[in-house]
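# Survey of secondary and tertiary structure
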Amino acid sequence: MVSRVIPVDPFDLVIFGGTGDLARRKILPGLFRRFLAGQMLPESQIIGAARSDFDDEGYRDTVREAIGEFGGADAARTVELEDFLKRVRYVAIDAKGEDGWKALAALVDQKRINAFYFSVAPSLFGDLAERLHLHAIANKDSRIVVEKPFGRDLKSAKELNAVLARHFDETQIYRIDHYLGKETVQNLMAVRFGNILFEPLWNSQYVDHIEITVAETVGVGGRGEYYNKSGAMRDMVQNHLMQLLCLIAMEPPSRFDPDAVRDEKLKVIRALEPVNLHHIVRGQYDKTPSEPSFREDAGDPKTRTESFVALKCHISNWRWAGTPFYLRTGKKLRTRTSEIAVVFKDAPHLIFGQEAGRHRNILSIRLQPNEGMTLGVTIKEPGPGGMRLIDVPLDMAFADALGDEIEDVPDAYERLIMDVIRGNQTLFMRGDEVEAAWAWTDPIIQGWEDRHDVPKPYDVGSSGPEDAGMMMHRDGRRWRELRE
Ligand code: BG6
């Protein structure tokens, strides 16, 4: 029941940073999967570009190894893998100098779609963009792909946007937020705007509150240095959680086209009220006898960076005035769970009497793991004994509905790269969206810095600091339990 694979036109994809972590973990194994699925045609070409001094064969060994390590079961398809590797080339390049650019120009076929993945430090974006033009490698139809973090505040994001805009039109720039490539995230739009059922209830008259949780069990591991400079607010809230908030709260766009969708998302971000610092809790995981603390992982015994954030925010518009949105994300928590829960208000009048109690409908949208949706409904408890009510889930796990074929659903990166080739920007962030998200985030971070705020410690494997629970408690609510 998985939708038919439609091959994309043959393309040349240049991966700057082609030997880096992202290329090895996500981009190259993802492209191999699309090749296996028949979506990437054999005429296409992947060109790795980095500083290391490889020839084509040397780079192919690196790609073979990366797919062996991160490609899962696909890695065993050695015949197809060798065939895929024939499409892979390499150019040793100096982003800030002249070396390699002529060789790259000779490889890229100007007659077909070409895309340039900037999987490098943002400080190199300007150099790459400039040289791609100088050497006539990029043309007016070329696409460039850039990764998060897109800046670390409004000022730096504006500078990056300006650097890219010097050489590329906004329609050529694909800013990745991989959460937008997740199957269920897109399903959120399908469910909201493909059904009549939910839309009439999707407002503050019927929705008590909305919870967005992205909980991880992993710590910061080998990324301590990067993470210590960013923290959960910059690493997760400004982008992934903000995008989820936009999709859940936005008005129906008039069409499913890139600007119509992104205009509506932008309106949500701009309507966000500044967050009161009393409505936000930061945390840092503590050490256990067997595992290091965040401070140890970050290599900074005095760090005040947060590995957990929980906050309450409000959207000032007609639809949502009065409905709080609670956002929470953190590392080394009890479970890996990403979920959006729309908690509806109580029925206005209890016809079954006080003893039947209050019952709430909750629509829970699970992003990972076990993608699916559950609608909690109230029914009569079966059996004799009068009218007693219980809440049961109407559960739709996508794996049940789609069977084994769910395995063939492309992962976020695969889908997004194919969208770049197709020239579809719907699932990518526009420059003004990123800036608006920073404009909302900056004062929160500044507020912490001004107050020398120290994050609250929390136990590894818990649900975060107790203060996060207290914040909800003060509003007469409770976080949903972190469950697998
Ligand atoms: C990345 C963050 O963008 O998203 C990481 O930098 C985080 O810190 C990751 O672990 C989570 O992605 P996913 O797809 O595993 O939920």
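In case you missed it, the structure is sitting above this.
Figured I'd write up the structure that's included with this text. (Residues numbered from 1 in each chain as written. Predicted model: local features only at pLDDT ≥ 70, side-chain atom pairs only at ≥ 80, totals over all residues. Heavy atoms only, no water.)

## A look at the overall build of the protein
- Of regular secondary structure, the protein possesses 14 helices and 15 strands.
- With the C-alpha coordinates of the protein rotated into their principal frame, the extents come out at 80 × 55 × 50 Å.
- Within the span of the protein, comprising 484 residues, buried residues form 53% of the whole.
- In the form shown here, the protein has an accessible surface area of approximately 22000 Å², with 53% of it arising from carbon and sulfur atoms. (Helix = DSSP H or I, 4+ residues; strand = E, 2+ residues; numbered from the N terminus. Buried < 20%, exposed > 50% of the residue type's maximum accessible area, 1.4 Å probe, protein only. Areas by Shrake-Rupley, 256 points an atom, 1.4 Å probe, with all protein chains shown as cover.)

## Structural notes on empty space enclosed by the protein
- The tally for this structure, following the rule as stated, stands at one cavity of 30 Å³ or more.
- In this model, the largest cavity occupies a volume close to 50 Å³.
- Lys-148, Phe-150, Gln-238, Asn-239, Met-429, Val-434 and Ala-437 are the residues that line the largest cavity.
- Residue composition of the lining of the largest cavity, by class: four nonpolar, two polar and one charged. (1 Å grid on protein atoms, 1.4 Å probe; cavity = no way out; pocket = protein on both sides within 12 Å on 5 of 7 lines; lining within 4 Å. Points joined across faces, edges and corners; volume = space filled by probe spheres on them. Nonpolar A, V, L, I, M, F, W, Y, C, P; charged D, E, K, R; others polar.)

## Comments concerning the site of the ligand
- Taken together, Lys-148, His-178, Tyr-179, Lys-182, Glu-216, Arg-223, Asp-235, Met-236, His-240, Lys-331, Arg-336 and Gln-368 make up the full set of residues adjacent to the ligand.
- Contact between the ligand and Tyr-179: an oxygen atom at 2.5 Å from a side-chain N or O atom of the residue.
- Within the side chain of Gln-368, a nitrogen or oxygen atom sits 2.7 Å from an oxygen atom of the ligand.
- Relative to its unbound accessible area of 400 Å², the ligand is 80% covered by the protein chains.
- At three residues, the largest contribution of residues to the shell around the ligand is made by helix H8 (residues 224-249).
- Classifying every residue of the shell around the ligand gives two nonpolar, three polar and seven charged. (Near = heavy atom within 4 Å. Polar contact = N/O pair within 3.5 Å; in protein donor to acceptor, adjacent residues only side chain to side chain.)

## Concerning a negative patch on the surface
- There is a patch of like negative charges on the surface, built from Asp-286, Asp-459, Glu-466 and Asp-467.
- Summarising the element assignment, Glu-466 is placed in helix H14 (residues 466-474).
- On the basis of relative accessibility, which here comes to 70%, the residue Glu-466 falls in the exposed class. (Patch = residues over 30% accessible without salt bridge, like charges linked within 9 Å, V, L, I, M, F, W, Y side chains within 5 Å. Salt bridge = Lys/Arg side-chain N within 4 Å of Asp/Glu carboxyl O. Lys, Arg positive; Asp, Glu negative; His and termini not counted. Charge placed at Lys NZ, Arg CZ, Asp CG, Glu CD.)

## Quick look at the sheet that holds strand S14 (residues 389-397)
- With respect to topology, nine strands assemble into an open sheet ordered S14-S13-S12-S11-S7-S10-S9-S8-S15, the strand pairing being mixed. Strand pairing shows two members of the sheet lacking a second neighbour, S14 and strand S15 (456-458), which therefore form its edges. Mean inter-strand twist for the sheet, computed between neighbouring axes without regard to direction, equals 20 degrees.
- As paired elements, strand S11 (residues 337-344) and strand S12 (residues 362-368) share six bridges and run antiparallel to each other. Across the sheet, residue Ser-338 finds its bridge partner in S12, namely Gln-368.
- Docked against the sheet, helix H7 (residues 183-194) engages S11, S12 and strand S13 (372-380), running at close to 150 degrees with respect to S12.
- Where H14 meets the sheet, its contacts fall on strand S7 (207-215), strand S8 (280-285), strand S9 (308-313), strand S10 (325-330) and S15, and the angle it forms with S9 comes to roughly 10 degrees. (Pairing = 2+ DSSP bridges. Axes fitted to C-alpha atoms, helices over the stretch in contact; angles between N-to-C directions. Contact = heavy atoms within 4.5 Å.)

## Some points on the environment of Lys-26
- With respect to the element layout, Lys-26 can be found in helix H1 (residues 21-36).
- The partly exposed category is assigned to Lys-26, whose relative accessible area is 34%.
- Considered as a pair, Lys-26 and Phe-16 are 10 residues apart in the sequence and their alpha carbons are 14 Å apart.
- Apart from the residues lying within four places of it in its own chain, the contact partners of Lys-26 are Asp-411 and Tyr-413.

## Comments concerning helix H2 (residues 56-70)
- The end-to-end C-alpha separation of H2 is 21 Å, in line with the 21 Å expected for 15 residues at 1.5 Å each.
- The complete set of buried residues in H2 reads Asp-56, Gly-58, Tyr-59, Arg-60, Thr-62, Val-63, Ala-66 and Ile-67.
- Of the surrounding elements, those touching the buried residues of H2 are H1, strand S2 (45-50), helix H3 (78-85) and strand S3 (88-92). (Expected span 1.5 Å × (residues − 1).)

## So, the packing of aromatic side chains
- Across all of its chains, the model carries 17 aromatic pairs by this definition.
- Consider the rings of Tyr-174 and Phe-428, whose centres lie 4.9 Å apart with planes at 85 degrees: the pair is edge-to-face. With Tyr-174 in strand S6 (residues 173-175) and Phe-428 in the loop between helix H12 (412-422) and helix H13 (431-451), the pair connects residues that are 254 residues apart, well separated along the chain.
- For Tyr-174, a relative accessible area of 1% corresponds to the buried category.
- What makes Phe-428 buried here is its relative accessible area of 0%.
- The rings of Phe-16, Trp-101, Phe-116, Phe-118 and Phe-125 are connected pair by pair, giving a single aromatic cluster.
- We note Arg-175 situated over the ring of Phe-150; from NZ or CZ to the ring centre the distance is 5.1 Å.
- In this structure, Lys-182 is placed above the aromatic ring of Tyr-179, and the distance from its NZ or CZ to the ring centre is 4.6 Å. (Phe/Tyr/Trp six-rings, centres within 6.5 Å; stacked < 30°, edge-to-face > 60°. Lys NZ or Arg CZ within 6 Å of the ring centre and 35° of its normal.)

## Remarks on unusual backbone geometry
- Look at the link from Lys-148 to Pro-149: it is a cis peptide, with omega at 0 degrees.
- For Pro-149, the location among the structural elements is in the loop between strand S5 (143-146) and helix H6 (154-165).
- Following Gln-368, the chain continues to Pro-369 via a peptide bond in cis, the omega torsion being -15 degrees.
- Mapped onto the fold, Pro-369 is located in the loop between S12 and S13.
- One non-glycine residue, Ala-136, adopts positive backbone phi at about 50 degrees.
- Examined against the element boundaries, Ala-136 turns out to sit in the loop between helix H5 (125-134) and S5.
- The exposure class of Ala-136 is exposed, given its relative accessible area of 53%.
- A positive phi is found at Lys-332, a non-glycine position, where the angle reads about 55 degrees.
- Within the secondary structure, Lys-332 is located in the loop between S10 and S11.

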